[in-house]
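Structural overview for review
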Amino acid sequence: MTPAYAELCRRTKERDRSLHEKVMSLEDAAGLVPDGASVGIGGSTLSRTPIAMIWALIRAGRKDLHCIRSITSNEGELLFASGTSRHMLTSWFSQGIVWGVSRIMRLYTESGRARFEEWSHMAVGLRFRAGAMGVPFLPMRSMLGSDVIGQLPDARQMDCPFTGEKLVLVPALNPDFALIHVPRCDPYGNAQIDGLPFMDIDIAMAANSVILTTERIVSNDQIRRAPDRTKIPFLAVDAVVEAPFGAAPHECYGLYEPLFNHLDAYATRIREDPQESVRTYLERYFYAPKSWTEYLELLGLEELLDARRRGTGIYDD
Amino acid sequence: MTTDPSTGKPFARREQHSDRHAARPPDLTPMNPGPAAYSASELLAVMSARLLRDGQVVFAGVGIPLLAATLAQRLHAPGLTILFEGGVIGAFVEPGKLPPSTNEQRCTHRANMVLGSTDVLLLLQRGYVDIGFMGGAQIDQYGNLNSSFIGDPQGPRTRLPGSGGGNDIASLTQMIVAMKHEKRRFVRHVDFITSPGFLAGAESRREAGLRTGGMFRVVTDLGILGFEERSRRMELQALHPGVTVGQVTANTGFELPVAADLTITDPPRENELAALRNLDPDRLYTA
């Protein structure tokens, strides 16, 4: 994932970077991602997780995606259990601290069926940043002395040529695809992000192809009225998919909070019988629905409205 | 996200996440003979909050650290600046709306700034942070923390959730750790150093290239631990009311020196407990 610089630039130059429409369906966007691709996933933990895109990739039967995310919640469990991914590069992996250690993550990693490649949170961030900067690595001062770095042949240590200090060098990540969920973007892919941006801008600029899902598609005129709000530029974006509640049951800043009842019920079932529960969950919520709308119907109007009320409440006193 | 905030067990009911609080009486375990009863995790939160000073910049993990930092902010340290790894500077978490991790919108309440997660972590490296504050699953006599593997990392008995920002925080700034005091958590050698303390003691942390930071205090439900100046070994510095040295050593998996000036902490005061329960009325973090 750290290609030669000339190859990185060649792949970028080959992309259509003109201001053109790139709106497509979830299914068509999923079709862009081949088996075995490396995929940077935006958001963090329960925030702006591109659930709709992950949902579509799992339904499409995609295999062996090499996934990278700053912090991985239960979408990682679903990627493992569906066989969509057997390799997650992340700094933390469980549904969330209030739900305890992930039984699915344990089941798959302890049996060697899947790999959880652990880097520090800042290391993941600097790897994406190096990728976005077009440099092969960045130096950093954490991970020294720990056992984390001992597990990572891809990380190097060196003495600084200027000061002689010990540094860790982390290699650039330039994933084949970035999957990023945003509150709004235009048909060209000018994306505006409210609230916490996490690593999404670096992931988008590092990736060789960017697939955006968005709560709603707005006009280019609307984008041009507030260009300071645009965080990901159209020229980096290859696909735009409108997916309302596209991060549910996770949250999208200022629009909806996590669907806690749903997540609690999921966690309870997984604790009781991880393998069987995740299978039935995937069947019910991922494979059975005919459309994203039908998936949202399964989540339930009451929960969605409650999440919406709590989510929009961030702007109220 | 950092490590287990000592309340390791799963804890998730609807009202704990909602802002519609169910008014149910808290289940309190009396820990002292005094007038105020409190749970072990409340004791942890109060005692670690007291260690934070007004004007400091603290990088707080989810759970007890987030709660204790917020408690300090509400009581003796109104000028405490709280950072979250989700990308928040100067948060002011709303009572009853505690976030499920430090990456959700609830963390941004009345903050001064939101920024990228890489950028907020870089504030540690740039030297802006006084205290890193997190929970711990397993700790050793030099303050090294493990949140990655129980057993052999090549074939672990248990794969834990991992570092999150824990390694970065512990590598780059002074640390306060809040955790339950149990023999299986206080071990001679951790199975895996996820977040570095003083490594093998003495000068080894510095020699590994970590030029700043290190363990400052470990706050448990039994007492407060510090680190000897030269050996960098953990030592018992204070006992909570009603706790004996024997109790502490019985719950510690290595030889624990006792500081010559061992003190007894003041029990949690009514105003501290009241403020704490106001922040976490549903006992999301203070089971």
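Residues numbered from 1 in each chain as written. Chains lettered and ligands numbered in written order. Predicted model: local features only at pLDDT ≥ 70, side-chain atom pairs only at ≥ 80, totals over all residues. Heavy atoms only, no water.

**Observations concerning the confidence of the model for chain B**
Residue and element names in this part refer to chain B. Across chain B, the average pLDDT comes to 90, with 87% of residues at 70 or higher. Taken together, the stretch residues 1-30 has pLDDT below 50 and engages in 110 contacts with residues farther than four places along the chain or on a different chain. The ipTM for the predicted assembly is 0.97, set against a pTM of 0.94. (pLDDT = per-residue confidence, 0-100. Contact = heavy atoms within 4.5 Å.)

**Concerning the nonpolar core**
Side chains of a nonpolar character, in soluble globular proteins, are inclined to be buried together. Among the nonpolar cores identified, the biggest contains 73 residues, and Trp119, Met143 and Leu212 of chain A together with Val218 and Met234 of chain B are the most heavily contacted of them. In terms of residue count, helix α6 (residues 121-133) of chain A provides more of this core than any other element does, 6 residues in total. Ignoring any residue separated from it by four or fewer positions in sequence, one finds Met143 of chain A in contact with Trp119, Ser120, Ala123, Val148, Ile149, Leu152, Val168 and Val170 of chain A together with Asn167 and Ser171 of chain B. Residues Met53, Leu259, Trp292 and Leu299 of chain A belong to the second largest nonpolar core, which totals 52 residues. (Core = buried A, V, L, I, M, F, W, Y, C linked by side-chain atoms within 4.5 Å. Buried < 20%, exposed > 50% of the residue type's maximum accessible area, 1.4 Å probe, protein only. Helix = DSSP H or I, 4+ residues; strand = E, 2+ residues; numbered from the N terminus.)

**Some points on helix α3 (residues 64-74) of chain B**
Residue and element names in this part refer to chain B. Summarising burial for α3: 10 of the 11 residues are buried, a large majority. The set of residues buried in α3 consists of Ile64, Pro65, Leu66, Leu67, Ala68, Ala69, Thr70, Leu71, Ala72 and Gln73. Packing partners of the buried residues in α3 comprise α2 (40-50), β1 (57-60), β2 (81-84), β5 (131-135), β10 (174-178) and α8 (270-279).

**Overview of the interface of chain A and chain B**
At the junction of the two partners, chain A supplies 58 residues and chain B supplies 65 residues. Carbon and sulfur atoms supply 56% of the area that chain A and chain B bury against each other, a total of about 5,000 Å² over both sides. On the chain A side of the interface with chain B, the three residues burying the most area are Ile97, Val98 and Met122 of chain A, jointly 14% of the side's total. The salt bridge involving Asp119 of chain B is made with Arg129 of chain A; its shortest N-O contact spans 3.0 Å. Seen at the junction of chain A and chain B, the total is 31 residue pairs in polar contact (both at pLDDT 80 or more). Breaking the side of chain A that touches chain B down by element, the ones donating at least two residues are α5 (103-110), β4 (115-118), α6, α9 (260-272) and α12 (301-312) of chain A. No other element matches α6 of chain A, which puts 6 residues into the side of chain A that touches chain B. Of the residues that constitute the side of chain A that touches chain B, the class distribution is 25 nonpolar, 18 polar and 15 charged. (Buried area = accessible area lost by both parts, 1.4 Å probe. Salt bridge = Lys/Arg side-chain N within 4 Å of Asp/Glu carboxyl O. Polar contact = N/O pair within 3.5 Å; in protein donor to acceptor, adjacent residues only side chain to side chain. Nonpolar A, V, L, I, M, F, W, Y, C, P; charged D, E, K, R; others polar.)

**Observations regarding the side chain of Glu165 of chain A**
Along the polypeptide, Glu165 of chain A turns up in the loop between β6 (156-159) and β7 (166-171). Among the polar contacts listed, one links the side chain of Glu165 of chain A to the side chain of Arg141 of chain A, at a separation of 3.1 Å.

**Observations concerning the sheet that holds strand β14 (residues 258-264) of chain B**
Residue and element names in this part refer to chain B. With mixed pairing, 10 strands are arranged side by side in an open sheet as β4-β3-β2-β1-β5-β10-β11-β12-β13-β14. Strand pairing shows two members of the sheet lacking a second neighbour, β4 (113-114) and β14, which therefore form its edges. Taken together, the 2 bridges between strand β11 (residues 214-219) and strand β12 (residues 223-227) define a ladder with antiparallel strand orientation. Paired with Val218 across the bridge in β12 is Leu225. Each of β5, β10 and β11 is contacted by α2, which is oriented at about 135° to β11, the strand it contacts most. (Pairing = 2+ DSSP bridges. Axes fitted to C-alpha atoms, helices over the stretch in contact; angles between N-to-C directions.)

**What about the pairing of β4 of chain A?**
All names here are of chain A. The pairing of strand β3 (residues 85-90) with β4 spans 4 bridges and is classified as parallel. Along β4, the bridge assignment pairs Thr90 with Glu118. For the crossover from β3 across α5 to β4, the handedness is right-handed. (Right-handed = clockwise from strand over helix to strand, strands pointing away.)

**Looking at empty space enclosed by the protein**
All names here are of chain A. As enumerated under the stated definition, the model contains 4 cavities of 30 Å³ or more in all. The calculated volume of the largest cavity comes to roughly 80 Å³. Every residue lining the largest cavity is listed: Glu77, Gln95, Trp99, Gly100, Val101, Ser102, Arg103, Ala267, Ile270 and Arg271. In terms of residue count, the dominant contributor to the lining of the largest cavity is α9 (3 residues). Class assignment of the residues belonging to the lining of the largest cavity gives a composition of 4 nonpolar, 3 polar and 3 charged. (1 Å grid on protein atoms, 1.4 Å probe; cavity = no way out; pocket = protein on both sides within 12 Å on 5 of 7 lines; lining within 4 Å. Points joined across faces, edges and corners; volume = space filled by probe spheres on them.)

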